[in-house]
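If you want the building blocks of each chain, they are given just below.
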Number of protein chains: 2
Amino acid sequence: MTASRKTRAARARELPGFKTSLPKTRRAQVAEILRKHVLSGKIEPGTQLIESRLSRSLGVSRSSIREAIWELVDQGLLVNRPYAGTFVVSLDEKAMCDLFALRGALERFCFTELWPRRNETFGAEFTNRHEALVAAVEAGDEDKTLAAELHFHSFPYQYADNQALREVWEQLYNRIQLGIAMTRGFTRGSEFVENNRRYLDAALGDDLEAMLREIDRHLQIGVDDVRDLMGADPRTGAQTGAGAAL
Amino acid sequence: MTASRKTRAARARELPGFKTSLPKTRRAQVAEILRKHVLSGKIEPGTQLIESRLSRSLGVSRSSIREAIWELVDQGLLVNRPYAGTFVVSLDEKAMCDLFALRGALERFCFTELWPRRNETFGAEFTNRHEALVAAVEAGDEDKTLAAELHFHSFPYQYADNQALREVWEQLYNRIQLGIAMTRGFTRGSEFVENNRRYLDAALGDDLEAMLREIDRHLQIGVDDVRDLMGADPRTGAQTGAGAAL
DNA sequence: CAGGATTTGTGCGTATGTATA
DNA sequence: ATATACATACGCACAAATCCT
């Protein structure tokens, strides 16, 4: 009764964690929050996302929570069993290898497409992003490194003149990130920077075939890392991969 | 058994037009209906899907309609502008060419993967699906032909041992079908059967490189058709493409 | 550019279906 | 088999934004 007196607008303005000035919908806001929690590993794979709990903890109605959850389901981060619930997907070694293999095909296609259109801007921006990656690594910031690595490797797709390819890449890297989140705790080896350096050099070079070989080599390193890390207990992040996972 | 009687009674009370025996959710049922209407062209590209209208016409609550709509949005069949509405996507020539180019990359990857694993079953099933396609063409059934063509070209992806690839293909062919729906009215040329025959023969042959070339050739025909049909007014389906669109 | 009509976005109560302990 | 927790479904009310006149 008295509670209902309080206007919805007022309640909305009070909600913690939400910028009221944003034109974004609640659905998008909640989806972003959930995506971060899933990708950062705060919500572990296999965990069920319970609408009523999330509704209370985030202070958002079940409707919005539900819509956000389905957005992540359609993105491949969650899986739904009708009338049973939605859970964070748990990727095994095979699934990760599949993702890397598919990414290889996409990336070879991507570079083949953009190769004749490269110009100074391409080289400058790609180099910029690589330098940002190096800076993040040297700062020892794990989260920033992950973001910078993503930003670096997303550039070819953004530069490619194919909207469908960009959309598939979006979906793909989300899942790859999820797999990486499952193997948290491993430290990037010193070869990590060098590997991405070789990748950049090949991308700026004049030999497309060499670039395609470099893509295969780069992703092979990622697959090897996955094999090492998935086989062992994720908690025992003792062994250090070469760190070219993304 | 009293419980089962009550359940049956409840199911008997359910809305007509829905198969009560299926455990499928309303979301899935509505999504399927809408998908059919969009892909068949009953709902033309650019049309806004109004939740309240669909709610009344289908006899389903607005919540379920909303969820189904968002499923199609995430599938790339609809596009949403916050607070403005969701509309059937309208693909232009460039978008279609992008889709075909991406499909080419996926299909080359697909065949490269499955090539060493082909066996008698592969050849038998692929041949079966091709014969079903030929039968549909000879029967003059447009809808059945489209379905058979899809079934035929989906087989390599189903045979490939890569779940991620299959999922991307699902999303891709939905959108390609949408593009085809936009160019309805054109009749498949006599070369259509022959083109798919060549495709099948290459897939059953021993030369992977020849198969990859065949993929490029096959999709190039599709792109040519799109260029012809998109440039002209879709209503004037006078000119007949070679008909290898899918 | 004002303002009303239309539609989407959000919240909430409630009833029912389903899975699971 | 029962009970419980949860997902799903429906209906309404209202807020927020867009669209149109």
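Reading the values: the criteria
Residues numbered from 1 in each chain as written. Chains lettered and ligands numbered in written order. Predicted model: local features only at pLDDT ≥ 70, side-chain atom pairs only at ≥ 80, totals over all residues. Heavy atoms only, no water. Domains from an automatic or database assignment. Buried area = accessible area lost by both parts, 1.4 Å probe. Salt bridge = Lys/Arg side-chain N within 4 Å of Asp/Glu carboxyl O. Polar contact = N/O pair within 3.5 Å; in protein donor to acceptor, adjacent residues only side chain to side chain. Helix = DSSP H or I, 4+ residues; strand = E, 2+ residues; numbered from the N terminus. Contact = heavy atoms within 4.5 Å. Nonpolar A, V, L, I, M, F, W, Y, C, P; charged D, E, K, R; others polar. Core = buried A, V, L, I, M, F, W, Y, C linked by side-chain atoms within 4.5 Å. Buried < 20%, exposed > 50% of the residue type's maximum accessible area, 1.4 Å probe, protein only. Arc of directions from axis to C-beta. Least-squares fit on C-alpha atoms with pLDDT ≥ 70 in both. Pairing = 2+ DSSP bridges. Axes fitted to C-alpha atoms, helices over the stretch in contact; angles between N-to-C directions. Parallel < 35°, antiparallel > 145°, perpendicular 65-115°, else oblique. Near = heavy atom within 4 Å. Phe/Tyr/Trp six-rings, centres within 6.5 Å; stacked < 30°, edge-to-face > 60°.

Looking up chain A in an unreviewed UniProt entry gives the name GntR family transcriptional regulator, with the organism given as Roseitalea porphyridii.

S.K.: Sorry if this is basic, but what is going on with the domain arrangement of chain A here?
M.R.: Reports of interface size often rely on the accessible area that becomes lost once the parts have come together. Residue and element names in this part refer to chain A. As assigned here, chain A comprises domain 1 (19–88) and domain 2 (93–229). Taking the mean C-alpha position of each, domain 1 and domain 2 sit 27 Å from one another. For the pair domain 1 and domain 2, the two sides together bury roughly 750 Å², of which 59% comes from carbon and sulfur. Together, L39, Q75 and L77 form the three largest contributors to the area buried by domain 1 at its contact with domain 2, with a combined 57%. Here domain 1 and domain 2 share zero salt bridges between them. One can count zero residue pairs in polar contact (both at pLDDT 80 or more) joining domain 1 with domain 2. Those elements that provide at least two residues to the side of domain 1 that touches domain 2 are α3 (26–39) and α5 (62–75). For the side of domain 1 that touches domain 2, the element with the highest residue contribution is α3, accounting for three residues.

S.K.: Would you mind going over the interface of chain A and chain B with me for this structure?
M.R.: Across the boundary between the two partners, chain A contributes 27 residues, which contact 28 residues of chain B. If you look at where chain A meets chain B, you find eight salt bridges. Summed over the shared surface of chain A and chain B, the number is ten residue pairs in polar contact (both at pLDDT 80 or more). Contributing elements (two or more residues each) for the side of chain A that touches chain B: α5, α6 (93–114) and α9 (163–182) of chain A. Sorting elements by how many residues they give to the side of chain A that touches chain B places α6(A) first, with nine residues. For the side of chain A that touches chain B, a count of residues per class yields twelve nonpolar, four polar and eleven charged.

S.K.: Quick question: what am I supposed to make of the nonpolar core here?
M.R.: Side chains of nonpolar character tend, in soluble globular proteins, to be buried together. A:F111 and B:F111 are the most contacted members of the largest nonpolar core, which has 135 residues in total. Among all residues touching A:F111, those that are not within four sequence positions of it are A:F122, A:F126, A:P156, A:Y199, A:A203, A:L208, A:M211 and A:I215.

S.K.: I keep staring at helix α3 (residues 51–58) of chain B and nothing clicks. Help me out?
M.R.: Because each turn of an α-helix spans 3.6 residues, side chains separated by three or four positions in sequence point in the same direction. All names here are of chain B. Along α3, the residues classified as buried are E51, L54 and S55. Down the axis of α3, the buried side of the element spans an arc of 105°, and every buried residue falls inside it. Exposed residues pointing more than 90 degrees away from the buried face of α3 are listed as R53, R56 and S57. Where α3 is buried, its residues touch α2 (26–39), β1 (48–49) and α4 (62–75). Remark: G59 follows α3 within two positions and exhibits a positive phi of approximately 70°.

S.K.: Before we go on, may I ask you to explain the side chain of A:H130 in this structure?
M.R.: In this structure, A:H130 sits in helix α7 (residues 120–139). Ignoring sequence-local partners within four residues, the contact set of A:H130 consists of A:F152, A:V193, A:N196, A:R197 and A:L200.

S.K.: I would appreciate a short explanation of helix α4 (residues 51–58) of chain A in the present structure.
M.R.: Taken together, the buried positions of α4(A) are A:L54, A:S55 and A:L58. Buried residues along α4(A) sit against α3, β1 (48–49) and α5 of chain A.

S.K.: For this particular structure, what's the right way to read the relation of the copies chain A and chain B?
M.R.: Each of the two chain copies can be brought onto the other by rotation about an axis and movement along it. After a rotation of 180° and a shift along the axis of 0.0 Å, chain A superposes on chain B with an RMSD of 0.1 Å. Interpreted geometrically, this transformation is the action of a two-fold axis. Most of the interface of chain A is mirrored in chain B, where 100% of its interface residues are also at the interface.

S.K.: How do you make sense of the sheet that holds β1(A) when you look at a structure like this?
M.R.: Residues and elements named next belong to chain A. Taken in spatial order, the three strands of this open sheet run β1-β3-β2, and their pairing is antiparallel. Each having just a single partner strand, β1 and β2 (78–81) make up the two edges of the open sheet. Across two bridges, the pairing between β1 and strand β3 (residues 85–88) is antiparallel. Residue pairing for β3: Q48 is matched across the bridge by F87.

S.K.: Where do I start with the packing of α3(A) against α9(A) in this structure?
M.R.: Residues and elements named next belong to chain A. Interaxial distance between α3 and α9 falls to 8 Å at its minimum, and their mutual angle equals 45°. Between α3 and α9, the angle is such that the two are oblique. Contacts between α3 and α9 involve R35, V38 and L39 from the former and N174, Q177, L178 and A181 from the latter. Each residue belonging to the contact of α3 with α9 can be placed in one class, and the counts come to four nonpolar, two polar and one charged.

S.K.: I keep staring at the pairing of β2(A) and nothing clicks. Help me out?
M.R.: Remember that side chains alternate between the two faces of the sheet whenever the strand is regular. Residues and elements named next belong to chain A. With four bridges joining them, β2 and β3 adopt antiparallel strand pairing. Looking across to β3, one finds that N80 is bridged to T86. Here β2 hands over to β3 after three residues, with Y83 in that stretch at a positive phi of 65°.

S.K.: Where do I start with the protein's contact with DNA strand D in this structure?
M.R.: The local shell around DNA strand D holds 24 residues, among which A:R53, A:R66, B:R26, B:S64 and B:R81 are the closest. Atoms of DNA strand D within 4 Å of the protein belong to the sugar or the phosphate in 88% of instances, the rest to bases. In the model, a phosphate oxygen of DNA strand D is placed 2.6 Å from a nitrogen or oxygen of the B:S64 side chain. Of all elements in the fold, only β1, α4 and α5 of chain A together with α2 and α4 of chain B reach the threshold of two or more residues within the surface near DNA strand D. Broken down by class, the residue content of the surface near DNA strand D amounts to nine nonpolar, seven polar and eight charged.

S.K.: Can you walk me through the packing of aromatic side chains in this structure?
M.R.: Aromatic ring pairs are defined here through the distance separating the ring centres and the angle between the ring planes. Residue and element names in this part refer to chain B. By the definition in use, this model includes 24 aromatic pairs over all chains. Seen in terms of ring centroids, F122 and Y159 are 4.9 Å apart; in terms of plane orientation they differ by 65°. Their pairing is edge-to-face. Remark: Y159 occurs in helix α7 (residues 142–159) and F122 occurs in helix α6 (residues 120–139); sequence separation between them is 37 residues. Accessibility expressed as a relative area gives 1% for F122, which makes it buried.

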